[in-house]
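# Reading the structure
If you want the building blocks of each chain, they are given just below.
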Amino acid sequence: MEWLIWLIPLLPFIGFVLNVFVIRRERAAGLVASGLVVASFVVAVLAIAALSGLPEEERRIMSVSWHWINTGALQVPFGIMLDPLTAVMVLLVTGVGALIHVYSIGYMHGDPRVVRYFAYLNLFITMMLFLVMGNNMLILFLGWEGVGLCSFLLIGFWFERAEASDAAVKAFVVNRIGDAAFILGMLAIYASFGTLNFYEVSVGGQVQPGFLERVPEIIGQTIGPVWQPIALTTAISFLLLIGATGKSAQFPLFVWLPDAMAGPTPVSALIHAATMVTGGVYMMTRNEALFAASPTTQSWVLWIGVLTAFIAGTSAIAQWDIKRVLAYSTVSQLGFMVAACGMGAYVAAIFHLLTHGIFKALLFLGAGSVIHGTHETQDMRKMGGLRHAMPTTYWTYLVGAGALAGIVPLAGFWSKDEILAHALSHDHWPQLIILFLTSLITAFYMGRQVALIFFGQQRDSHYHAHESGRVMTVPLIALAIGAIIGGAINLPWGHWLTDWLKPVLHEEAGKFNLALALIATAGAVGASYLGWWIYTRNAAKIKVGGKDPAYRYSGDIWDGLEEAWYFDRLYRRIIVRPFQRLGSFLASVFDPQGIDGLVLGVGVLFGQAGEQVRRFQSGYVRTYALIFTAGVVIVLGFVLLFTR
Amino acid sequence: METLPILSLILWLPTLGALGLLLAPRDNAELARRMALIVALLTFVVSLALPFGYRATPGDASTMRFVENLPWLPMFGASYSLGVDGVSLWLVLLTTFLLPIVILSTWDSVHTQVRNFQILMLLLATAMIGVFISLDLLLFYIFWEFTLIPMTLLIGIWGGSNRIYAARKFFLYTFSGSVLMLVAIIGLYVLHRDALAIGQPGYTGTFNFTTILANLRGGALQLDATIERLLFGAFFLAFAIKVPLWPFHTWLPDAHVEAPTAGSVILAGVLLKLGSYGLIRFNLTLFPEASRWAAPAIAILAVIGIIYGAIVAFAQSDMKKLVAYSSVSHMGFIVLGIFALNHEGVSGAILQSINHGLSTGALFLIVGVLYERRHTREMAEYGGIWKVMPVYGGITLLVTLSSAGLPGLNGFIGEYTIMQGAFLAPELSWPFLGFAVLGVVLAAVYLLRMYQTVFMGDLRNPENQDLNDLNPRELTTLAALCLPIIALGLYPAFAFEPMQASVGEVLTGIATAVAGR
């Protein structure tokens, strides 16, 4: 039984190995890669069926294969587990992952490096599974950095393009900033609890409790010799929060995600919308016990989520690139999830994570289909009127947009409503207002995007738009169905997800607030209609390379939104450039002239001393005789005077 | 096992090979390379007996195994005594593993006076192994100094345009540190002889490490706190220069830039580890009180080195110089681990010594591959190489990530264990680690910048259009290095296991010092 769960990450890994070392043909690569992910999905379903057969309190299958790190007191097993929280994540990763693999067969057709593409994709699935299945923080971190690596490889897949390679490095480095904090957090967890395991593990007959179960023990303890009396949980959870802001693209580290759109579109769907970027939310949910123990950190989490949602939402309005709209929208939606974590509404966060994973993957794949059908066009100013040429894409995209905007009864409505309702019922008024405003903005920019892509006239006639093939439209339809019915997993009346997650998160289902739901729906419909109406009415004013119609009224603010509040520019000025200057100062001045100058100075000193001493070696016997005599006198004098 | 002097065999096989090469015709390069390779492989195979034969359990009186003991200069009490324990085991193996790889790489990188090159390389191997397995202070010192001679010649004869300067700097800098160590060794010898002569008149003294240590711990030889700190300082300076610890690092970039590829690999792979090995074997073991006294200050230097090395590496345009400064950063981690003075820190430092030898050695080989093709190491000359050299690009990425500390590869295990150790050390903990983790970020910054500049982007430079991917020989050397990089990343427990008892033994003095405080 236990060995079964190893198959889940192992199958995609086999695909990775095969694609790296054995397979050389495109067709085989796509089939093997997709087939193994589908197989992994099937195994996951079987394992979860077995899991649900267990009594509620025992729903955790754990399997340790070997000692990973084992020195002194530091013991870290290489182990994975399957519990209700992991289960839903595994289903999302393998399910959406499989669809995107299939879609990629069509999208990447003819690319010269397609075999490598599928290898990376399989490695990504493996690492993502380790992230969600790890039974300790270090395995989670293995997956965490592993998906970061795959993200690097896939963003930079077309590495010949300068913007792709820049974006790849940027993504990795920005994530590393969060990871450094994550490492520090792990060090502190180990130092305080003596283990990195989440839950109890029995090693050789000894049962050792995990750190999540021991959180109550350390409340009130202090950190370090000096920093008294800050509670340890605040320090640890805050460090983990920084880690999450990197991976889940939150303020202030969100700048890498929009650039990451330089990668192939299925990658954006899989990694930068549905799965990897939700890693931070998963991690915070998993460590719920730690976060809940620190109200200070929780309010930071909440505000970071709220601010990110708003900043990214407003930035999404002003984008022209079809993928960048979705990218900012993803950042914004992740902000909703993080805010939910901050409020303590972890089930709502996971619910939104799941529905968002489905409908955002749908939107990205739809965008990919549009890009594919318009011969690599990404600028929405060059599109328009595509609903006739690409009907399937259009309808499925409409479903995705509606789900994102939060229109009843699509999946996004239920999950977003749950977050807002929780904010309302727990009196987070300022946050509620900002989040509600953001959801209106969301609806608005989706209306704008649909209008720009699918309505009006085609504004650039250099291409002939066509619908994509079956291998791409079938995943679209499957995801669209998911986006329609996905909300059913946690309806206010059934709350199946809340019950399923109860062994892990111990949460009661929130109350459904009809007034809020009505207002939210009315707002969503109104705002998306407004967006759609403005940009179909003014379609004639949109020119290739021109300004947005709204630019007339908002002026520079629009520029600011388009540049995402100038965060990139700020970082370049206050971090990147000073760092480069410091580097070149140290490398070209301080090191050679300062430190090495000292070293060489010592050398010169000895050289000069040698010059002086050499004068005595004049070759004149009388000088030597004089020195010799003086020496004898001194030594004799010393002996006679002092050593009696 | 008891009858076969296996350590002597490993130690002297390379020298025998060097003597054999002297008989070979001077200008038959191919023959010289093959002979050297065979000798190196043979040494490696023999050395494989060490991890398989090594058994030690915590609580053993001594964890030294394969011990050999012969009188050498009885009037001074110097002996030919060898032994290997969990601290030196993997370092010996690293040396014997890198030797055939380095010799294999000379087919592509050494084209003049091939025979002499191989002779020096084999002599160097004997000296390095000797340092790791000597249990006699005088013998240790002789091997220690003898490593300088072949290395200086390797840089000075086969090096780049500024080789004489670099070779002289290398020699003088490291030598001046070692001289103080000689004084300390003699001082320790005299103190030990005089202390024991009280009980047994006419005692001639000994240079034997195990005996001196036993008497230190047993209380027969008691060091005054000031004397202990002075001795500690003299040993420390020699090792700190070798490591090199900031601010004693400036010989390293010069030496690396001028050294031939094979020389750089050995220099970074093994020679720097003589320093970290010495710190563990002598400073920590012999002078526990002084170690505790100096640890925070040294840890500060280590953390400065981690960050400083990384920032300077970022600003380099020459790939070899970049890798050289990255060594300063990485070795800072190792010193930090050692002076965490606990089990995790020290065993992490030993493992990281191995890891650094593998991944930095591989990085120097990688730079050498490009250098042989284009005769430049300026990053700006390249760009988009991944397209024409896909296998090379893939292997380089793996090695780069190992060096940057990606989980699942060896570098992370070492770094994490070191950081955990340093975090658990009450004197270090938060403030030190708060800075040290910056090294993790910066490592990604400078290494990926190099990778991006060289391998990604457009293939602009026309001279790079027809670069050939790795030839079978290059592939063999790099693949051989990649295997342990992955193995140590996924299953480091097998490397940690034999260390346990010996690291515990190293730290007993410190544990007593803590308890007695």
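Thresholds applied
- Residues numbered from 1 in each chain as written.
- Chains lettered and ligands numbered in written order.
- Predicted model: local features only at pLDDT ≥ 70, side-chain atom pairs only at ≥ 80, totals over all residues.
- Heavy atoms only, no water.
- Helix = DSSP H or I, 4+ residues; strand = E, 2+ residues; numbered from the N terminus.
- Rg over C-alpha atoms; globule rule 2.2 N^0.38 Å.
- Buried < 20%, exposed > 50% of the residue type's maximum accessible area, 1.4 Å probe, protein only.
- Contact = heavy atoms within 4.5 Å.
- Areas by Shrake-Rupley, 256 points an atom, 1.4 Å probe, with all protein chains shown as cover.
- Lys, Arg positive; Asp, Glu negative; His and termini not counted.
- Charge placed at Lys NZ, Arg CZ, Asp CG, Glu CD.
- Phe/Tyr/Trp six-rings, centres within 6.5 Å; stacked < 30°, edge-to-face > 60°.
- Buried area = accessible area lost by both parts, 1.4 Å probe.
- Salt bridge = Lys/Arg side-chain N within 4 Å of Asp/Glu carboxyl O.
- Polar contact = N/O pair within 3.5 Å; in protein donor to acceptor, adjacent residues only side chain to side chain.
- Expected span 1.5 Å × (residues − 1).
- Bend = angle between axes of the 7 residues up to and from the residue.
- Axes fitted to C-alpha atoms, helices over the stretch in contact; angles between N-to-C directions.
- Parallel < 35°, antiparallel > 145°, perpendicular 65-115°, else oblique.
- Nonpolar A, V, L, I, M, F, W, Y, C, P; charged D, E, K, R; others polar.
- Pairing = 2+ DSSP bridges.
- Patch = residues over 30% accessible without salt bridge, like charges linked within 9 Å, V, L, I, M, F, W, Y side chains within 5 Å.
- Left-handed = near helix turned anticlockwise from the far one by under 90°.
- Core = buried A, V, L, I, M, F, W, Y, C linked by side-chain atoms within 4.5 Å.
- Domains from an automatic or database assignment.

On to the overall build of chain B, then. What chain B contains, in helices and strands, is 21 helices and two strands. Computed over the C-alpha atoms, the radius of gyration of chain B is 22 Å, within 12% of the 24 Å expected from 2.2 N^0.38 for a compact globule of 517 residues. Projected onto its principal axes, the C-alpha coordinates of chain B cover approximately 80 × 60 × 40 Å. In chain B, buried positions account for 68% of the 517 residues. A separation threshold of at least 6 residues defines the contact pool for chain B, and within that pool the share at least 24 residues apart is 80%. In the form shown here, chain B has an accessible surface area of approximately 16500 Å², with 67% of it arising from carbon and sulfur atoms. On chain B, the mean spot of the 26 positive side-chain charges and the mean spot of the 29 negative ones are 4 Å from each other.

When you go through chain A residue by residue, the secondary structure sums to 25 helices and four strands. In chain A, which comprises 644 residues, the proportion classed as buried is 59%. Residue pairs at least 24 apart in sequence account for 78% of intrachain contacts in chain A once pairs closer than 6 positions are excluded. Put simply, chain A shows about 25000 Å² of open surface, and 67% of that area lies on carbon and sulfur atoms.

Looking now at the packing of aromatic side chains. Per the counting criterion, the structure on display carries 64 aromatic pairs over all chains. Taking the centre distance of 5.4 Å and the plane angle of 85° together, the rings of Phe-455 of chain A and Trp-532 of chain A count as edge-to-face. With Phe-455 of chain A in the loop between helix H18 (429-454) and helix H19 (470-485) and Trp-532 of chain A in helix H21 (residues 514-537), the pair connects residues that are 77 residues apart, well separated along the chain. The exposure class assigned to Phe-455 of chain A is buried, which follows from its relative accessible area of 14%. A relative accessible area of 28% places Trp-532 of chain A in the partly exposed class. Ring centres 4.8 Å apart and planes at 55° place the aromatic pair Phe-579 of chain A and Phe-314 of chain B in the tilted group.

Okay, the interface of chain A and chain B next. Residue-level contacts link 58 residues of chain A with 59 residues of chain B. Where chain A abuts chain B, roughly 5000 Å² becomes buried across the two surfaces, and 77% of that area is made up of carbon and sulfur atoms. Linking chain A to chain B there are two salt bridges. Across the pair Lys-387 of chain B and Glu-160 of chain A runs a salt bridge, and its minimum N-O distance is 3.5 Å. The tally of links between chain A and chain B comes to 20 residue pairs in polar contact (both at pLDDT 80 or more).

Looking now at helix H10 (residues 225-242) of chain B. Residues and elements named next belong to chain B. For H10, which comprises 18 residues, the first-to-last C-alpha distance of 26 Å matches the rise-based estimate of 26 Å (1.5 Å per residue) to within 8%. Within H10, burial applies to Glu-228, Leu-231, Phe-232, Ala-234, Phe-235, Phe-236, Ala-238, Phe-239, Ala-240, Ile-241 and Lys-242. Those residues of H10 hidden inside the fold are in contact with helix H6 (137-146), helix H7 (148-158), helix H8 (163-199), helix H11 (251-258), helix H12 (261-286) and helix H13 (288-314).

A separate point is the side chain of Ser-63 of chain A. All names here are of chain A. With respect to the helices and strands, Ser-63 occurs in strand S1 (residues 61-71). Under the relative-accessibility criterion, Ser-63 is labelled buried at 7%. Here the side chain of Ser-63 touches Trp-6 through a polar contact of 2.6 Å, side chain to side chain. Apart from residues no more than four positions distant in its own chain, Ser-63 is found in contact with Glu-2, Ile-5, Trp-6, Phe-78, Gly-79 and Ile-80.

Over its 48 residues, helix H24 (residues 567-614) of chain A extends 65 Å from the first C-alpha to the last, a length consistent with the 70 Å expected when each residue adds 1.5 Å. At Phe-590 of chain A, H24 of chain A shows its largest kink, close to 55°, and the proline Pro-592 of chain A lies no more than four residues downstream. Three or more residues of H24 of chain A are buried, namely Phe-567, Tyr-571, Phe-579, Gly-583, Leu-586, Ala-587, Asp-591, Ile-595, Asp-596 and Val-599 of chain A. Buried residues belonging to H24 of chain A abut helix H13 (295-317) of chain A together with H8, H11, H13, helix H14 (319-338) and helix H19 (429-455) of chain B.

Turning our attention to the pattern of salt bridges. Residue and element names in this part refer to chain A. Under the definition given, this model contains 25 salt bridges over all chains. Put simply, Asp-83 and Arg-286 hold a salt bridge, and the shortest N to O gap is 2.8 Å. Here Asp-83, found in the loop between strand S2 (74-82) and helix H3 (84-107), pairs with Arg-286, found in helix H11 (residues 279-286); they are 203 residues apart in sequence, far enough to count as distant. Judged by its relative accessible area of 1%, Asp-83 is buried. The buried category is assigned to Arg-286, whose relative accessible area is 2%.

In this section: the environment of Leu-104 of chain B. Residue and element names in this part refer to chain B. Among the secondary structure elements, Leu-104 is positioned in helix H4 (residues 86-109). Distance from Leu-104 to Arg-449, taken between C-alpha atoms, is 29 Å for residues 345 residues apart in sequence. Apart from the residues within four sequence positions on either side, Leu-104 is in contact with Leu-37, Arg-473, Thr-476 and Thr-477.

Before going further, it helps to examine the packing of H3 of chain A against H11 of chain A. Residue and element names in this part refer to chain A. It is at 11 Å that the axes of H3 and H11 come closest, and there the two elements cross at 170°. Taken as axis vectors, H3 and H11 run roughly antiparallel relative to one another. Together, Leu-85, Thr-86 and Met-89 of H3 and Tyr-282, Thr-285 and Arg-286 of H11 make up the contact between the two elements. Class assignment for the residues of the contact of H3 with H11 results in three nonpolar, two polar and one charged.

A word on the pairing of strand S1 (residues 65-73) of chain B. Residue and element names in this part refer to chain B. Relative to strand S2 (residues 78-84), S1 runs antiparallel, the two sharing six bridges. Directly across from Leu-73, in S2, lies its bridge partner Ala-78. Between S1 and S2, which pair antiparallel one after the other, the connecting turn spans four residues, and Gly-77 there sits at a positive phi close to 75°.

Let's shift gears to a nonpolar patch on the surface. Judged by side-chain polarity, Leu-10, Phe-13, Ile-14, Val-17, Val-20, Phe-21 and Val-22 of chain A come together as a nonpolar surface patch covering roughly 590 Å² of accessible area. Mapped onto the elements, Val-22 of chain A comes out in the loop between helix H1 (2-21) and helix H2 (26-53).

Another point: the packing of H8 of chain B against H11 of chain B. Residue and element names in this part refer to chain B. Two elements in contact, H8 and H11, have axes separated by 9 Å at closest approach and are oriented at 140°. Taken as axis vectors, H8 and H11 run oblique relative to one another. The chirality of how H8 crosses H11 is left-handed. For the pair formed by H8 and H11, the contact residues are Arg-163, Tyr-165, Ala-166, Lys-169, Phe-170, Tyr-173 and Thr-174 on the first element and Trp-251, Asp-254, Ala-255 and Glu-258 on the second. Its residues placed into classes, the contact of H8 with H11 shows six nonpolar, one polar and four charged.

Let's shift gears to the nonpolar core. Ranked by size, the top nonpolar core spans 444 residues in total, and within it Leu-82 and Phe-152 of chain A together with Met-121 and Phe-339 of chain B carry the most contacts. Of all the elements, helix H6 (residues 162-193) of chain A adds the most residues to this core, at 19 residues. Each of domain 1 (294-558) and domain 2 (568-642) of chain A accounts for three or more of the residues forming this core. Not counting residues within four places of it along the chain, the set of residues in contact with Met-121 of chain B comprises Leu-99, Val-102, Ile-103, Leu-154, Ala-262, Gly-263 and Ile-266 of chain B.

The next point concerns the domain arrangement of chain A. Segmenting chain A into domains produces domain 1 (294-558) and domain 2 (568-642). The centre of domain 1 of chain A, based on its C-alpha atoms, is set 69 Å off from the matching centre of domain 2 of chain A.

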